[in-house]
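# Geometric and topological summary
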Amino acid sequence: MISEYMSREQILGIVFLGFCLFAIAKARSRASEPPFWKDQPLVGIRKEWFPWKRAAIRSVLRIRDWVFEGYEKHSKANSFFVIPSIDRGPMMVVPPRQIRKVYGLPTSVLDVYNTANNTIQTKWTIWDEEVSENNFQMNLIRNQLTRNLDVLTPPIALELEEGLKREWGLSTTEWKYVDIWTSVMRIIGGAANSAFCGEPMCRNMEFLQCIQDHSMWLFLGSVLISSTPGPLRFITGYAIGWACYYQLRRVSKLCLPFVKERLDNTAMLKADPGYSWEPPKDGLQWIIEECYATGNPAQLKPERVLHRLVFINDISLHSTSYTTQNVILDLSRADPSCIAALREESARVLKEAGGKWTRQAVTKLTLIDSTIRESMRLAPFNSVGLPRTVIDPHGIMVENGKSSFNVPYGTTITIPVEPIHNDESIYPDAKTFKPFRFAQPDAAYDILDKLGAEPAQEEATKSGEQAKPKSSATVDDAFLGFGFGKHACPGRFFALNEIKVFVAIMVLHYDIQPLKKRPMMTPIIWLNMPLFNDLRVGVRRRTPVELL
């Protein structure tokens, strides 16, 4: 039986051991790469025996370096380049100047959905195929959660306050040293589930731990499955699949009675409009309403409804926690005047809102918004990301320097996220954390201006348009923290709203002990992970702040 509680180090140890074993197996089993790849600019391939096979093994720890190298050599010259990857095979990296054009192609040409499902290996990690294939819960994230932030913001703020008290303590005299990743996951998990399913589950610590364990197994397990050679994939697929199922059963034991009660009350209300029960405005209720809207009774199975609720947690919990954790780490190294400015803004906005956090109040946190965006810029979740797969049988024609060529069917393309975020020609003094960079217009130069196309900012000035500061939820080809284009992260407005409230409450009620050195994330394949570093930070409750 799988241990009920495993630390992230233990889980990662299993995954890393799997990498070592399956990297060798995959390298041995991989056939020679087709001529197309050999004719492209390659980064990470050496002149040696079995170059692609050995590069696949090295990619576990070297992709980040390769992406930066290729960006300088090829991307800035508007050329594509190829890097090997143990989990995705050869990946063709799109130069910044062509992101808008290539990623603007229709999904009939460039696949998004199956590529995303393959990334988290839904075939193995999601037991109910209906949940992954007919995933209308994504519409809930895109529409209902965003539209109802007026209703959801106050309970989220309340859970964030309670979570900080629980995890960071109430002492105003002694520093408490907390593991930022672990504590933030618990705090964010409780706050998010106040919107996803409400009380009492959002305050049930065992439920929140089970949700975290399931998402950890799904996330890291899917990477291991993807890194396994095809003929052996059923081994890791079944192993990780059963681990995810076991974690789902743990969640089910705690939450299924709650889901059944909600379903029963909803059914009774629909049968009798006079039934004395008011449906909560939360994610679970909206999932149930979507199930009714399908007209298919099978969608109302309690286990399926629960699985959809768990899936929403899976895709949101880690990314939101990752961003929040990095904001804290960046602020621990920031100038004290930065914290003072954030504290002043938070106190002023909260007073104007009558002492309660509302959606309207959160939109006024412009300095906090800028701080979050700057932190996301410097510490993106991935070094290379937003994978797409060419599914047009004829491929796609793209520019390559001063010529053009055809990218064939089946090719995986991706974007050099981290190099773009660190490009000095786009972000002056790019390596420095400047929390209020994005609070000013023209914080970043347009990619097309700086990398050779017509100057967009100049044209805007001529036409009389005034540049405005950009919100962290704004996506463009110079800031890719939430993706790009019409397929950008659907939950970014909800996530950003939650993070902004977290930071505001944190600076008002807690001090963060300055760190001598900012802990960095560990690059593993294309991911930047909060592992193998000391992520403990000293925190201390502040004397209550008097609203200005």
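Going by the structure above, here's the rest.
Structural notes, computed from the coordinates. (Residues numbered from 1 in each chain as written. Predicted model: local features only at pLDDT ≥ 70, side-chain atom pairs only at ≥ 80, totals over all residues. Heavy atoms only, no water.)

### Points about the overall build of the protein chain
Heads up, the rule is: Runs of H or I in DSSP of at least four residues are treated as helices and runs of E of at least two as strands, each being numbered from the N terminus. Any two residues whose heavy atoms approach within 4.5 Å at even a single point are treated as in contact. Only the protein chains shown count as cover for residues, and all accessible areas are computed by the Shrake-Rupley method using a 1.4 Å probe.
The number of helices and strands found in the protein chain is 21 helices and 12 strands. Contacts in the protein chain between residues at least 24 apart in sequence constitute 74% of all its contacts with a sequence separation of at least 6. When the accessible surface of the protein chain is totalled, it reaches about 23,700 Å², and 55% of it is carbon and sulfur.

### Section: a nonpolar patch on the surface
Note the threshold: A patch consists of residues whose relative accessible area exceeds 30% and which take part in no salt bridge; residues with like charges are grouped when within 9 Å of each other, and nonpolar side chains (Val, Leu, Ile, Met, Phe, Trp, Tyr) when within 5 Å. Should a side-chain nitrogen of Lys or Arg be within 4 Å of a carboxyl oxygen of Asp or Glu, the pair is scored as a salt bridge. Burial classes: relative accessible area under 20% of the type maximum marks a residue as buried, over 50% as exposed, and values in between as partly exposed (1.4 Å probe, protein chains only).
Side chains of Trp127, Leu232, Phe234, Ile235, Tyr238 and Trp242 sit close together on the surface and give an oily, nonpolar patch of about 630 Å² of accessible area. Residue position: Trp127 is located in the loop between helix H6 (122-125) and helix H7 (129-133). We classify Trp127 as partly exposed; its relative accessible area is 37%.

### Considerations on the sheet that holds strand S4 (residues 176-179)
Condition: The rule for pairing is simple: two strands pair if DSSP sees at least two bridges between them. Axis definition: a line fit to C-alpha positions, over the contact stretch in the case of helices; interaxial angles, taken between N-to-C directions, run 0 to 180 degrees.
Pairing is antiparallel in the open sheet, where three strands are placed in the order S4-S12-S9. Two strands in the sheet have a free side with no partner beyond their single neighbour: S4 and strand S9 (510-512). Across the sheet, the axes of successive neighbouring strands diverge by a mean angle of 40 degrees, strand direction being ignored. Here S9 runs beside strand S12 (residues 536-541); their pairing, made up of three bridges, is antiparallel. Bridging from a neighbouring strand, Asp511 pairs with Arg540 of S12. Taken strand by strand, helix H10 (residues 180-196) contacts S4 and S12, and its axis lies near 80 degrees from that of S4.

### Regarding the packing of helix H9 (residues 149-168) against H10
The angle between the axes and the distance between the axes are what describe a pair of packed helices. To keep it simple, the criterion reads: For this classification, under 35 degrees means roughly parallel, over 145 means roughly antiparallel, 65 to 115 means roughly perpendicular, and everything else is oblique. Left-handed describes a crossing whose near helix is turned anticlockwise from the far helix through less than a right angle; right-handed describes the clockwise counterpart.
Across the interface, H9 lies against H10 with an axial gap of 8 Å and an inter-helix angle of 150 degrees. With respect to H10, the axis of H9 lies roughly antiparallel. As for the relative orientation of H9 and H10, their crossing is right-handed in sense. For the pair formed by H9 and H10, the contact residues are Leu152, Pro155, Ile156, Glu159, Leu160, Gly163, Leu164, Arg166, Glu167 and Trp168 on the first element and Ile180, Ser183, Arg186, Ile187, Ile188, Gly190, Ala191, Ser194 and Ala195 on the second.

### Re the pattern of salt bridges
For the structure on display, the rule yields 26 salt bridges. Between Glu167 and Arg166 there is a salt bridge, with its nearest N and O atoms 3.3 Å apart. The residue Asp330 makes a salt bridge to Arg518 at a minimum N-O spacing of 3.0 Å. Note that Asp330 is positioned in helix H14 (residues 302-331) and Arg518 in the loop between S9 and strand S10 (522-524), a separation of 188 residues in sequence.

### A word on the environment of Pro380
The residue Pro380 is located in the loop between helix H17 (366-378) and strand S5 (385-390) in this model. The spacing of Pro380 and Thr323 is 57 residues in sequence and 8.2 Å in space, taken between C-alpha atoms. Setting aside residues up to four positions removed in sequence, Pro380 forms contacts with Tyr322, Val417, Glu418, His421 and Asn528.

### Topic: the packing of aromatic side chains
Note the cut-off: Ring geometry is summarised as follows: Phe, Tyr and Trp rings, the Trp one being its six-membered ring, pair when their centres sit within 6.5 Å, and such pairs are stacked at plane angles under 30 degrees, edge-to-face over 60 and tilted between the two. Whether a charge sits over a ring comes down to the Lys NZ or Arg CZ being within 6 Å of the ring centre and within 35 degrees of the ring normal.
Inspection of every chain in the model, using the stated rule, returns 13 aromatic pairs. Between the aromatic rings of Trp49 and Phe50, the centroid separation amounts to 6.3 Å while the plane-to-plane angle is 45 degrees, which identifies the pairing as tilted. Cluster of aromatic residues (ring-pair linked, three or more members): Trp127, Trp242 and Tyr245. One Lys or Arg, Arg88, reaches over the ring of Trp526 and ends 4.0 Å from the middle of that ring.

### Quick look at the pairing of S5
In terms of burial, S5 is largely enclosed, as six of its six residues are buried. Where strand S3 (residues 110-111) and S5 come together, two bridges link them in antiparallel fashion. Of the residues in S5, the one forming a bridge with Asp111 is Thr389. Here S5 runs beside strand S8 (residues 412-415); their pairing, made up of three bridges, is antiparallel. Residue pairing across strands places Arg388 opposite Ile413, the latter belonging to S8.

### Describing the sheet that holds S3
Within a sheet, adjacent strands bond to each other through the backbone by hydrogen bonds, running parallel or antiparallel. One open sheet accounts for five strands, arranged S1-S2-S8-S5-S3; its pairing is mixed. In the strand order of this sheet, the two ends are held by strand S1 (81-83) and S3, each with one partner. Sheet analysis places S1 next to strand S2 (residues 91-93), joined by three bridges and oriented antiparallel. Its bridge partner being in S2, Val82 is matched across the sheet by Met92.

### Structural notes on unusual backbone geometry
Between Glu199 and the following residue, Pro200, the backbone shows a cis peptide bond with an omega angle of 5 degrees. Looking at the element boundaries, Pro200 is found in the loop between H10 and helix H11 (205-226).

### A word on helix H3 (residues 51-73)
For clarity, the cut-off: Between the first and last residue of a helix there are one fewer steps than residues, each counted as 1.5 Å, and that sum is the expected span.
For H3, which comprises 23 residues, the first-to-last C-alpha distance of 20 Å sits more than 12% below the rise-based estimate of 33 Å (1.5 Å per residue). When we look at burial in H3, the residues that qualify are Trp52, Ala55, Ala56, Arg58, Ser59, Val60, Ile63, Trp66, Val67, Gly70 and Tyr71.

### Quick word on the environment of Cys489
Inspection of the secondary structure puts Cys489 in the loop between helix H20 (456-462) and helix H21 (492-509). The class of Cys489 is partly exposed, set by a relative accessible area of 31%. Sequence spacing of Cys489 and Ile141 is 348 residues, and the spatial spacing of their C-alpha atoms is 9.5 Å.

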